[in-house]
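Here are the chains, one letter per residue:
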Amino acid sequence: MTYLPSPDRYKKMIYRRCGRSGIKLPAVSLGLWHNFGDVDVMENFRAILHLAFDSGITHFDLANNYGPPPGSAEENFGRILHEDFRKYRDELIISSKAGYTMWDGPYGDWGSKKYLVSSLDQSLKRMGLEYVDIFYHHRPDPETPLEETMGALDLIVRQGKALYAGISNYPAAEADKAISILKKLGTPCLIHQPKYSMFERWAEGGLLDVLEKDGVGCIPFSPLAQGLLTDKYLHGIPEDSRAAKSTGFLQKSQVTDERISQIKRLNDIALQRGQTLAQMALAWLLKDDRVTSVLIGASKPAQLADSLKCLDNINFSGEELAKIEAILK
Ligand SMILES: NC(=O)c1ccc[n+]([C@@H]2O[C@H](COP(=O)([O-])OP(=O)(O)OC[C@H]3O[C@@H](n4cnc5c(N)ncnc54)[C@H](OP(=O)(O)O)[C@@H]3O)[C@@H](O)[C@H]2O)c1
């Protein structure tokens, strides 16, 4: 059956400006790291993508290595893009990245121009696209000169293979340097993608200030701490959870008694606010307007529907924030 998106899709979402750029992103974006590989069920992830677009999510985030196997999330996304979303390409912001191990030998990893340019060519083929909207360097490379890596992003944008450049996992000082190199090259950095959630707060130690000063957007990844910041682990580790799956990145050992105790106390505050814990965890990030969008994952349409309701309340009283801080300490 032909997919027809909801005509109301743009009424449901909040769009926030990405730094000092012309781009607005949905306050909630969808990432395809898990749940979209060849090990997953196509009809399930197709339904997730439909619900996302129907709900006003215009931004889909990928990387060369998402799967498993690596590359399969881009292939699967490309197939659904072609079958269901072809007419809507200009309504979408699609991103990809390179920076982690992708192929054997010295040119399939880190941050050389050789790796970034050839990896993006492979990603475009897998997705059947002429260009991506954002191309990221996925992680800092301690050995390649930053000028070379940023020069590769500038080249890729000038070639029209990406519209905007981004960086991910760069600590504050390196981000500042990368942003200034890109600015000098005439390809401003659009966005930074850090790991940031109630349980992972390194971005607050300088990075957010750098991004604000430089007019660069911020899109926190794993804002639900891979599912820990939801109600799913309150009573143990469910069989169908990321922590239980052999292909998941969340380890059972990360679901500690101490974490569960924090999750329970956070869950109580969420319920008092009339939210689920997932909704409160996302709202807690979005209360800071330096955060452009939260980049969530979902293994089922119902999870996405739940998370999206965070937009109903992103305000916190001083008392609520103090209680949350006391739990996170
Ligand atoms: N730049 C980088 O280095 C980097 C690294 C990692 C991720 N990312 C990006 O960030 C995206 C999101 O990462 P993530 O998947 O770790 O994000 P997340 O939103 O923290 O975790 C998503 C997982 O939490 C569970 N979940 C989500 N919503 C739920 C709900 N409402 N109730 C109960 N459980 C819920 C699901 O896991 P179950 O399987 O347990 O159901 C889901 O797959 C990735 O897809 C990728 O695009 C980037």
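To start, this report covers the structure provided alongside it. Within any chain, residue numbers begin from 1 and follow the written order of that chain's sequence. Restriction of local features to residues with pLDDT of at least 70 applies here, the model being predicted, together with a cutoff of 80 or more for giving and counting side-chain atom pairs; totals for whole chains, interfaces and linings are based on all residues.

**Things to note about the overall build of the protein**
Secondary structure elements follow DSSP: runs of H or I no shorter than four residues count as helices, runs of E no shorter than two count as strands, and numbering proceeds from the N terminus. The number of helices and strands found in the protein is 10 helices and 10 strands. The globule rule puts the C-alpha radius of gyration for 329 residues at 20 Å, and the 19 Å found for the protein is close to it. For the protein, the C-alpha atoms occupy an extent of roughly 50 × 50 × 40 Å along the three principal directions. When burial is assessed residue by residue, the protein has 44% of its 329 residues classed as buried. Once C-beta atoms are placed from the backbone, any two residues with those atoms within 7 Å are in contact. For the protein, restricting intrachain contacts to residue pairs at least 6 apart in sequence, the fraction spanning at least 24 positions comes to 76%. Atoms counted for the radius of gyration: C-alpha only. Globule rule: 2.2 Å times residue count to the power 0.38. Field definition: a residue is buried when 20 or more other C-beta atoms are found within 10 Å of its C-beta, exposed when 12 or fewer are, and partly exposed for counts in between, with C-beta atoms placed from the backbone.

**Quick word on the sheet that holds strand β5 (residues 93-98)**
Two strands qualify as a pair provided DSSP detects at least 2 bridges between them. Across the sheet, 8 strands lie side by side as β9-β8-β7-β6-β5-β4-β3-β10; this open sheet has parallel pairing. Either end of the sheet is taken by a strand with one partner, and the two such strands are β9 (217-218) and β10 (294-296).

**Here's the deal with the packing of helix α7 (residues 257-272) against helix α10 (residues 318-328)**
At a minimum axis distance of 10 Å, the contact between α7 and α10 shows a crossing angle of 170°. Comparing their axes, α10 and α7 come out roughly antiparallel. In contact with Gln262, Arg265, Leu266 and Ile269 of α7, α10 contributes Glu320, Lys323, Ile324 and Ile327. Partitioned by chemical class, the residues of the contact of α7 with α10 number 4 nonpolar, 1 polar and 3 charged. The convention used is that axes are lines fitted to C-alpha atoms, helices contributing only their stretch in contact, and that angles between N-to-C directions extend from 0 to 180 degrees. Our angle categories are set so that under 35 degrees counts as roughly parallel, over 145 as roughly antiparallel, 65 to 115 as roughly perpendicular, and the remainder as oblique. Charged residues are taken to be Asp, Glu, Lys and Arg, nonpolar residues to be Ala, Val, Leu, Ile, Met, Phe, Trp, Tyr, Cys and Pro, and polar residues to be all remaining types, Gly included.

**Describing the site of the ligand**
Lining the immediate environment of the ligand, one finds 30 residues, of which Gly31, Trp33, Phe221, Gly227 and Gly297 sit closest. Secondary-structure elements contributing two or more residues to the shell around the ligand are β10 and α9 (301-308). In terms of residue count, α9 provides more of the shell around the ligand than any other element does, 3 residues in total. Here is the check we use: build the C-beta atom from the backbone, and if it is within 6 Å of the molecule or strand, call the residue near.

**Notes on unusual backbone geometry**
Put simply, Gly67 and Pro68 share a cis peptide bond, and its omega is -10°. Position of Pro68 among the secondary structure elements: in the loop between β4 (59-61) and α2 (72-85). Following Pro68, the chain continues into Pro69 via a peptide bond in cis, with omega recorded as -10°. As for its placement among the helices and strands, Pro69 is situated in the loop between β4 and α2. Unusually for a residue other than glycine, Ser222 sits at a positive phi of about 50°. Classification of Ser222 as buried rests on a count of 23 C-beta atoms within 10 Å.

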